[in-house]
Amino acid sequence: MDRSATRLINILVGNQENDAVIEMHFPAAQMVFENECIFALGGADFDPALDGTPIDNWKPIHAERGAELKFRRKISGNRCYLAVAGGFSVEAWLGSSSTNLAAKAGGYLGRSLEIGDRIALNSTGRSDRAANVRISPSLLPRYSQFPTLRITVGAEYDMLDPKSRETLLGERFVVTGDSDRMGFRMDGSPLSITAPLELLSTAVNYGTIQLLPSGQIVVLMADHQTTGGYPRLAHVIETDLPVLAQLGSGDGIAFELVEQAEAEGLREAFEREVSRFRTACIYGL
Amino acid sequence: MPELKYPRIFQLGDSAVTVEFGDKISEATNLRALALAEQFEKRPFAGYIESVPAYSSTTVFYDPLEVRKANPNVRTAAQAVQAAVEGALPNLTVSDAISSEPTAIPVNFSAEYGLDLENLAIACTLKVNELISIFTERIYRVYMIGFLPGFAYMGEVDERIAAPRLATPRLRVPAGSVGIAGRQTGIYPLDSPGGWQIIGRTDIPMFRPGDREPCYLKAGDRVRFVPNA
């Protein structure tokens, strides 16, 4: 869900940016490193501790053989990620290491991890990674429980009546408990539109904001269906998707409309910074 | 509502452009959608990722950074891709070749599997076996794959048995269930929630994760349903 977190922690441990990571909700797993390794955590802060000593997110950390990783309480965010140097040894499926729970495929045996699972790591042949690499705070997503997310217009945005447009851009929408990796169902003042409420199905995207017949909106997330037939009001810009991905039930969102050029400019600036960070990590700067 | 002009081209977020060729289910617009997807698959532009054709649209996914690199003088990647799409439209090679033999899909229409068969027959003032023969005498076209991995949207179902969606969707429709929604028919590839009216079930897996081409059907295929019980 939080693609920035997974990229950044993979860079921290010297991996490819799209190497497999473990995504955890709270309460999270308690794990034992059966071999010495370097790992990094990022995304949500679940108050992690290694053998009882508190550790930080966003830093490469050295685990001795037999070390125990625990997460003690939920401090902020909803999804914490674990990357290990060398990566987890899982079979790629359709060019990805991700798990598709509905199709029971990909990742580790196509399912969620269970107590007793042992996950093999790819060996790296190096363990000098826990250098003093620091991540610049400006690289980290602006996590918040009540964020303002920037959006660009969707195909049916113009067909919202003026009052609904004001509502969309002026009021807060709350993430409901009816939310999962496919989509966040939001609760807010109902919106109305002059377009038909159901259209011929077309492709949809991560971050697409659809209007349901009830007048409520749903924001599509990482495991979204490939196509959908509800009006497309707007799209959360890619730069803000990690912030969205860390929300949980009860958190509230405000939306701010931006131009496509601004959305692309933000993404390019972020990528430039990621690439500087990658270089710094490689040369141990 | 304002009159829309087709083809209609719009952004689908920061990384995709959609072209809609119309707002009705028709073989002609579906063929254009498939042709556009095919064209980009054969001759991708720098930064192209993939195309997702649907009933009457194709969505082109791309990497905005790669597109910008290749088009430094265009203000946004979005504009560059929209221009590439517009440029491709006049030269679409629309194939009208009908794929040889329709794929036969055996379906068990017994009451145990056809969860809504009896109610639907009553609503249509037909006998169950009449409904089955109206359904099975047609050859259906696969218009698109969507919703779930391997879910083929097929049409068009005879008007006499066009069934509305259930008012309350089922929480679990078993994999293999054959359903009707309006003039569409489809097969649930996986256990999933769903609101289509279920008339039977097939044993043929529609989604095979281990295969190179995991989806059993693809857009443009033709399908015939054969009663097997």
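Scroll up to find the structure.
Every value quoted in this text rests on a predicted model; they were computed, and no experiment measured them.

## A short note on the overall build of chain A
Counting secondary structure elements, chain A contains 4 helices and 17 strands. Principal axes of the C-alpha set define a box for chain A whose edges measure 60 × 40 × 35 Å. Sorting the 285 residues of chain A into buried and exposed places 50% on the buried side. In chain A, the proportion of contacts linking residues at least 24 apart, taken out of those at least 6 apart, comes to 71%.

## Structural notes on unusual backbone geometry
Among all residues except glycine, the phi angle is most often negative; among peptide bonds, the trans geometry is most common. A cis amide bond links Tyr6 of chain B with the next residue in sequence, Pro7 of chain B, at an omega value of -5 degrees. Structurally, the position occupied by Pro7 of chain B is in the segment before strand 1 (8-11). Following Gly155 of chain B, the chain continues into Glu156 of chain B via a peptide bond in cis, with omega recorded as -5 degrees. Mapped onto the elements of the fold, Glu156 of chain B is located in the loop between strand 7 (152-155) and strand 8 (170-173). Of note, Asp51 of chain A is a non-glycine position whose phi angle comes to about 50 degrees, a positive value. Given a relative accessible area of 52%, Asp51 of chain A falls into the exposed group. Notably, Trp58 of chain A is not glycine yet its phi reads approximately 65 degrees, a positive angle. One can find Trp58 of chain A in the loop between strand 5 (53-54) and strand 6 (61-63). For Trp58 of chain A, a relative accessible area of 11% puts it in the buried group.

## Some details on a nonpolar patch on the surface
Taken together, the side chains of Val153, Leu169 and Leu257 of chain A present a nonpolar region at the surface, about 210 Å² in accessible area. When you line up the elements, Leu257 of chain A lands in strand 17 (residues 252-257).

## A word on helix 1 (residues 27-42) of chain B
All names here are of chain B. Here helix 1 is 16 residues long and its end C-alpha atoms lie 22 Å apart, about the 22 Å a rise of 1.5 Å per residue gives. When we look at burial in helix 1, the residues that qualify are Thr29, Asn30, Leu31, Ala33, Leu34, Ala35, Leu36, Ala37, Gln39 and Phe40. The inward-facing, buried residues of helix 1 abut strand 2 (16-20), strand 3 (48-53), strand 4 (57-62), helix 3 (77-88) and strand 6 (139-145).

## Some details on the pattern of salt bridges
Residues and elements named next belong to chain A. One pass over the full model with this rule turns up 27 salt bridges over all chains. Residue Arg278 is joined to Glu17 by a salt bridge in which the shortest nitrogen-to-oxygen separation is 2.5 Å. Of the two residues, Arg278 sits in helix 4 (residues 260-282) while Glu17 sits in the loop between helix 1 (3-12) and strand 1 (22-24), which places them 261 residues apart along the sequence. For Glu271, the salt bridge goes to Arg267, with nearest N and O atoms at 3.1 Å. Taken together, the positions of Glu271 and Arg267, both in helix 4 and 4 residues apart, correspond to about one turn of that helix. Accessibility expressed as a relative area gives 13% for Glu271, which makes it buried. Owing to a relative accessible area of 17%, Arg267 belongs among the buried residues under this scheme. What you see here is one network of salt bridges that share partners, running through Arg7, Glu17, Glu238, Arg267, Glu271 and Arg278.

## Details of a negative patch on the surface
All names here are of chain A. A contiguous patch of negative charge, built from Glu36, Asp51, Glu64 and Glu68, is present on the exposed surface. By the element assignment, Glu68 lies in strand 7 (residues 68-71). Of the residues examined, Glu68 reaches a relative accessible area of 31% and is grouped as partly exposed.

## Side note on the sheet that holds strand 1 of chain B
Residues and elements named next belong to chain B. Spatial ordering of the open sheet is given by 1-2-4-3, a layout of 4 strands whose pairing is antiparallel. Where the open sheet ends on each side, the last strands, each with one partner, are strand 1 and strand 3. The sheet shows a mean angle of 15 degrees between the axes of neighbouring strands, direction not considered. Across 4 bridges, strand 1 lies against strand 2 in antiparallel orientation. If you follow Ile9 over to strand 2, its bridge partner there is Val19. Sheet strands touched by helix 3: strand 1, strand 2 and strand 4. Its angle to strand 1, the strand with the most contacts, is close to 155 degrees.

Rules used throughout
Residues numbered from 1 in each chain as written. Chains lettered and ligands numbered in written order. Predicted model: local features only at pLDDT ≥ 70, side-chain atom pairs only at ≥ 80, totals over all residues. Heavy atoms only, no water. Helix = DSSP H or I, 4+ residues; strand = E, 2+ residues; numbered from the N terminus. Buried < 20%, exposed > 50% of the residue type's maximum accessible area, 1.4 Å probe, protein only. Contact = heavy atoms within 4.5 Å. Patch = residues over 30% accessible without salt bridge, like charges linked within 9 Å, V, L, I, M, F, W, Y side chains within 5 Å. Areas by Shrake-Rupley, 256 points an atom, 1.4 Å probe, with all protein chains shown as cover. Salt bridge = Lys/Arg side-chain N within 4 Å of Asp/Glu carboxyl O. Expected span 1.5 Å × (residues − 1). Lys, Arg positive; Asp, Glu negative; His and termini not counted. Charge placed at Lys NZ, Arg CZ, Asp CG, Glu CD. Pairing = 2+ DSSP bridges. Axes fitted to C-alpha atoms, helices over the stretch in contact; angles between N-to-C directions.

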